[in-house]
Structures are given as structure tokens and as C-alpha cells.
Amino acid sequence: MTEKKPYYITTPIYYPNSNLHIGNTYTSIIADVLKRYKTLQGYDTYLVTGTDEHGQKIMRSAIAHGTSPQKFVDIIADETKELWKKLEIDYDTFIRSTEAQHEEDVKNIFTKLYDQGDIYKGEYKGYYCTPCETFWSEGQLVDGKCPDCGRDVEYQEEESYFFRLSKYEDKLKELFKDHPDFLEPQFRQKEMLNNFIDKGLSDLSVTRNTFDWGVDVPFDNEHVVYVWIDALSCYLTAIGYGDNPKKFEKYWPASVHLIGKDIVRFHTIIWPALLMALDLPLPKKVFAHGWILFDNDKMSKSKGNIMYPEPLVELYGVDALKYFVLREFHFGSDGNFSSQKFMERYNSDLVNDLGNLVSRTTSMIDKYNGGIVAKGSETDTYDEELKALAKTTYDDFVSQMDDFKFNEALQTLWTFIRRANKYVDETEPWILGRDESKKERLNTVLYNLAESLRIVAQLIEPVMKNTSKEILKKLGTENKGFASAGEFGLLEEGARVTKGANLFDRLDLEVELKK
Ligand code: ME8
């Protein structure tokens, strides 16, 4: 048996300073869908997520809550795991940066870089943005504020260890030139080159010595390791960097780091430079998605416009949420989340298109054939059109998923669902059903509809696994594997179809929006 190809996906290692909102959920949902898709395609997938628990921001949040940092992060890390369970995020490892093995690995990484001369001692004079945990020089500030988040920065003068980032400038330029696929969307590459690399890279301060909530520098306990070095290392330590070399070799380099556009610089300048220094292969791809806005505004606690995923899942189910975020937003660009849009799409795509096709098909097979699938024999041109579209739907869906064009893949699938609904109107089974001599034609039509639904169920499995299962159950058939969606005609004659309850019930917007 040939060994499956590994496919290693990561989400950002989230700060557990407050509960995760729909924006953080977005990255994890994409990661989950990608993992399921690649698994169904036969890869040996591995998904890492986790919590980035050290640093000044977390320490201050813990103090503000009147508790110790460790107790504070323990609670939020547990809540985060709970959230991923509710959202059915199928991760393999949840790494916490306070785990003993991880801390030991970070110490070893730091010592190695120091011993080989990539880290040296100096003095940091400049600014620090605590919410972003980022160092800035005066020239980088915008109106005296953090250029990333626009918040106040603090002036710092402290003894610090530095990583020789400047040494890797040319290699980073080569990376961007020789591997145009390394960072996507591609316009982000220009941002990194124009705004940072081409301006010249300064060495990076990689320790702090004004607080102690971090991994101790092993040879100088006045310092803790800078939280970003600690956090990025999670991508290595979560797959056995220090304690399971076989596993590490299997999965590293990562196939893709999925991140938001806010942390591109860390992942495509600092991280590759660190990996180059460690003599490790670079991740194959970093994909930076856009920002989810809420009612066209950036979500923020002070504005009170943070959207959390739990109520949506409780009211409408996890499949609807996953479908919505993948279908609504172009992966890579900003998008706007509004409850109204969510519900409108729920009614149009899930109730009217998919739900309707399921209920029409199963009711007609029930009514005209006692729930038994029969293949029929009489065909006409409508059938050929439907079958031809099924084939291109599969091909296009796969290529769009492979290109991270999730919204287009779902659009492709829904074009097919709508075509199948149109096929019902064109072939008018209710008229065929009145005439016994049209029985063979009726059976063909009903078979084509049921088989179209089977294909839909196979294709939506990575996104809506519960709905997929439900449709296959109603069709009285087994899951035949993702690739079976590329072949029309696999539904067994004699399969026993059941009507059952609606997959999705229409939402009354006036009622729902008040919830
Ligand atoms: O940055 N829309 O953690 P973090 C879309 N600990 N995505 C959003 C979003 C929004 N409105 N808000 C947040 C950190 N995100 C570091 C990461 S990795 C080694 C260390 C997502 O908790 C997006 O993926 O601030 C963003 O990159 C991530 O949450 C930041 O999470």
C-alpha cells in the first residue's frame, strides 16, 4: 500500500485574553473544512490549533481580572476547546504555549540560535504595542500610534537579546521572488516587500525583561522569550519537534499556515528567517484571509459590536454557520457579517435551493414509487444536460477548493442544485405520474434527481458533514467517498428513500432578528 501524502494545516495560536469571536472562528472553520476536504481526497492530514498564553497582554488581562496568568489562561483555553467542540472543528493537536514540552523546546531553539550567533545581547530603545505584542521604531509609527492597530504604544528602553533578522534580508527577497506561491493572496507579497523588506530589516528584539510571564531565557533568567518567537514555535512543537522526530519529519514543513491579514509580517518575514536560522524547510504556503467586519465595522469590545458564534450555532446549527462563512466571504478579502445576511442566505440557499430539492425528490419517490429508487429507461436531452453539469460541477468544485476559492466552489455546487430544481420543473414528474405509460420516464427523472442529490451530499461533506449524512440517509445509501461525486449513476436501484422532516425550516426574519 502506498503511504498517504501528509498535509499539515495550522490556524493561528490564539491569544486567550478573551473569548473568541466570529473572526477567530472564521480561520478555524476554514482550517477544519480544508482538513476534511484533504482527508476525503486521501491525504494524511494534521490540523494544529491552540492558545498563545504568554506575554504582557495576557499578564495584564489576568491582573485586570484579579487572577494569576496561569489560572486565567487555563479557563480560556478550556473554553476555547469547548467552542471548537461545539463548532465541530476536527483538530489533531491543541497546543498550549504553557505546556512543559513546548517551553523546553522553545528554550532549546533559543539556545541553539544564541550558540550559533544568530541571537546576541544589546539594548532595545523603541516602542511597543502591547495589544499586538509588537516592537516598532519611531519612524514606523503612524501619528505616534501603532501602525497595525492604531492604538497607543509605550516607549521602552530595556536590555534585550536580538535576533539577526537583517542577515536574512537577501534570502527573504529570494524567497518572495523564487516562490510566488509562498504567500497568498499575491498582492500581500508586494506589501511585505515594499513596506518592510525593501526598506531594510533591523534586527529583532526577542526577549523582554520588565515582566516574567514567558519562557525563561535558559542562560539569563532576567529575560523571558518574546511572545511571538514562543508562539510561532508552536507550529513545530505541536508536531513533535523536540520529542517525536519521526512525527515531526512526517508533517513538517506545513502545507499551509492559515492566518488573518493582521499577522502576515510575523509569518512571512520573521518566521521564515527563524526557520532559515534553524536550518529547517519553510512552510509551503501562508494564506492570509481578509477581515470579517460586523455591520461594516471592525469588531471591537469598546464598540460593543462583537459577534460570537455560539448563539448562531445553537439557533441554526453548525452546518449553516460553516456554509455561510465559506459561501459569503471571498477568502482573502474583507467581508461583512450581518445577521440579516446570514438569515437571508439561510432561507435562499439552504431552505429554497437545497432543502427544497431534497424534499421534492424524496416526496416524489415516496409518492410515485413507494420510496424505492428505480433507474427507468427513457431519457431525453434534459437528462444529458443535468449529467454534463454534474461532471463539470465535480471538476470545478475540486479545482476551486484546491485554489482556496471556497466561495466559488460552493457557488459552483449551488448552480448544480438550482439546475436540478429546474430539471424538476422541465420534466414535470407530477404529469408523468398521472399516466401509467410514462412510468419508465418518471423513474428516470426521479433517479436522476436522487442521484444528483447523492452527488451534492458527497461534495458538501467537507463543509456540512451533518447535512451530507442526513441526505445520504434519506436516500437510503452509503457514503461512497468524495471521488464518487465525479461519477453519475452510482445510486443503487432498489435504494429505500425516506421523506422525513425538512432539512432546514424557513426563518421568519422579523422574529429571528429580535432573538
Ligand atoms: O494574533 N476577521 O492571536 P489573536 C477575521 N496570538 N479573522 C480574524 C478577525 C476578524 N475580524 N479577528 C481575528 C494572534 N481574526 C497571535 C497569533 S500565531 C503563531 C500567533 C483571526 O487571538 C485571524 O486569523 O489575536 C487573526 O490572524 C487571528 O484571529 C488573530 O488571533
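Everything below is about the structure shown above.
Bear in mind that the values here come from a model prediction, so they are computed numbers and not experimental data.

With that out of the way, let us pick up the overall build of the protein. Counting secondary structure elements, the protein contains 19 helices and 15 strands. Referenced to the eigenvectors of the C-alpha coordinate spread, the extents of the protein come out at roughly 90 × 55 × 40 Å. The buried share of the protein, reckoned over its 515 residues, is 56%. Long-range pairs, those at least 24 residues apart, make up 77% of the contacts in the protein with a sequence separation of at least 6. For the protein, the accessible surface area stands at approximately 21800 Å², while carbon and sulfur atoms represent 47% of it. Side-chain charges in the protein split into 65 positive and 84 negative, and the spacing between the mean points of these groups amounts to 3 Å.

A few words now on the site of the ligand. In the neighbourhood of the ligand, 23 residues make up the surrounding shell, with Ile-13, Thr-27, Asp-52, Asp-262 and Ile-292 lying closest. A distance of 2.7 Å is found between a nitrogen atom of the ligand and a backbone nitrogen or oxygen belonging to Ile-13. Side-chain polar atom of Asp-52 to a nitrogen atom of the ligand: 2.7 Å apart, as the coordinates give it. When the ligand is considered free in solution it has 680 Å² of accessible area, and contact with the protein chains removes 93% of it. Partitioning the shell around the ligand into residue classes produces 13 nonpolar, eight polar and two charged.

Position of Ser-359 relative to the elements: it lies in helix H13 (residues 339-369). A residue is classified by how much of its surface remains accessible, and Ser-359, at 25% relative accessible area, is partly exposed. In this structure the C-alpha to C-alpha distance between Ser-359 and Leu-503, which are 144 residues apart in sequence, comes to 8.1 Å.

Now for the state of the cysteines. As used in these notes, a disulfide is a covalent bond between sulfur atoms, one from each of two cysteines. Per the stated rule, a full pass over the model turns up zero disulfides. Of the cysteine sulfurs around Cys-132, a residue in no disulfide, the closest is that of Cys-149, at 3.7 Å. Given the relative accessible area of 22%, Cys-149 is considered partly exposed.

What follows is about unusual backbone geometry. Here the amide bond leading from Glu-184 into Pro-185 is cis, since omega sits at -5°, within 30 degrees of zero. Tracing the chain through its elements places Pro-185 in the loop between strand E7 (183-184) and helix H6 (187-195). At the junction of Trp-252 and Pro-253, the peptide bond is cis and its omega measures out at 5° in the coordinates. If you check the backbone angles, Glu-133 has positive phi at about 50° while not being a glycine. Structurally, Glu-133 is set in the loop between strand E4 (119-129) and strand E5 (134-136). In the Ramachandran plot, Glu-428 falls in the positive-phi region, its phi being about 45° despite a non-glycine side chain. For Glu-428, the location among the structural elements is in the loop between helix H15 (406-427) and helix H16 (429-432). Note on Glu-428: relative accessible area 33%, which makes it partly exposed.

Attention now goes to the pattern of salt bridges. Counted under the stated rule, the structure contains 35 salt bridges. Here Asp-353 and Arg-418 are joined by a salt bridge, their closest N and O atoms 2.9 Å apart. Taken together, the residues Asp-353 in helix H13 and Arg-418 in helix H15 connect sequence positions 65 residues apart. Overall, Asp-353 belongs to the buried group, its relative accessible area being 11%. Each of the salt bridges in this network shares a partner with another, and the network as a whole consists of Glu-328, Lys-341, Arg-345, Asp-349, Asp-353 and Arg-418.

In spatial order, the strands read E9-E11-E10; together these three strands make up an open sheet with antiparallel pairing. A single partner strand is all that each edge strand has here, and the edge strands are strand E9 (207-208) and strand E10 (216-217). Where E9 meets strand E11 (residues 220-225), two bridges bridge the pair, whose relative direction is antiparallel. Note on E11: the bridge partner recorded for Thr-207 is Val-225.

This part takes up the pairing of strand E6 (residues 154-163). Both E4 and E6 contribute to a ladder of ten bridges, which runs antiparallel. Bridge pairing in E6 places Tyr-120 opposite Phe-162. As defined by bridge partners, E6 adjoins strand E8 (residues 204-205) across two bridges and the pair is classed as antiparallel. By the bridge assignment, Phe-163 is partnered in E8 with Leu-204.

So, on to the pairing of E11. On a regular strand, each side chain points to the face opposite its neighbour's, so the side chains alternate between the two faces of the sheet. One ladder, built from two bridges, connects E10 with E11; its direction is antiparallel. Across the sheet, residue Val-217 finds its bridge partner in E11, namely Asp-220. Hairpin geometry of E10 and E11 is characterised by an intervening segment of two residues between the two adjacent antiparallel strands.

On to H6. Listing the buried residues of H6 in full gives Arg-188, Gln-189 and Met-192. Around the axis of H6, the buried residues are gathered within 110° of arc, so they sit on the same side. Contacts made by the buried residues of H6 are with helix H5 (169-178), E7, helix H10 (264-277) and strand E13 (286-289).

With that settled, consider the sheet that holds E6. Spatial strand order, E5-E4-E6-E8: four strands in an open sheet with antiparallel pairing. Only two strands of the sheet have a single neighbouring strand rather than two, namely E5 and E8. Pairing between E4 and E5: three bridges, direction antiparallel. Across the sheet, the residue bridging to Tyr-128 is Phe-135, located in E5.

This paragraph deals with helix H11 (residues 309-316). Side chains three or four residues apart in an α-helix point the same way, a direct result of the helix having 3.6 residues per turn. Along H11, the residues classified as buried are Pro-309, Leu-312, Val-313 and Tyr-316. The arc that holds the buried residues of H11, viewed along the axis, is 100°, so those residues lie on one side. The secondary structure elements touched by the buried residues of H11 are helix H1 (22-40), helix H3 (69-86), helix H12 (318-328), strand E15 (335-337), H13 and helix H19 (509-512). Positive backbone phi, at 95°, marks Gly-317, one or two positions downstream of H11.

About the criteria used
- Residues numbered from 1 in each chain as written.
- Predicted model: local features only at pLDDT ≥ 70, side-chain atom pairs only at ≥ 80, totals over all residues.
- Heavy atoms only, no water.
- Helix = DSSP H or I, 4+ residues; strand = E, 2+ residues; numbered from the N terminus.
- Buried < 20%, exposed > 50% of the residue type's maximum accessible area, 1.4 Å probe, protein only.
- Contact = heavy atoms within 4.5 Å.
- Areas by Shrake-Rupley, 256 points an atom, 1.4 Å probe, with all protein chains shown as cover.
- Lys, Arg positive; Asp, Glu negative; His and termini not counted.
- Charge placed at Lys NZ, Arg CZ, Asp CG, Glu CD.
- Near = heavy atom within 4 Å.
- Polar contact = N/O pair within 3.5 Å; in protein donor to acceptor, adjacent residues only side chain to side chain.
- Nonpolar A, V, L, I, M, F, W, Y, C, P; charged D, E, K, R; others polar.
- Disulfide = S-S within 2.5 Å.
- Salt bridge = Lys/Arg side-chain N within 4 Å of Asp/Glu carboxyl O.
- Pairing = 2+ DSSP bridges.
- Arc of directions from axis to C-beta.

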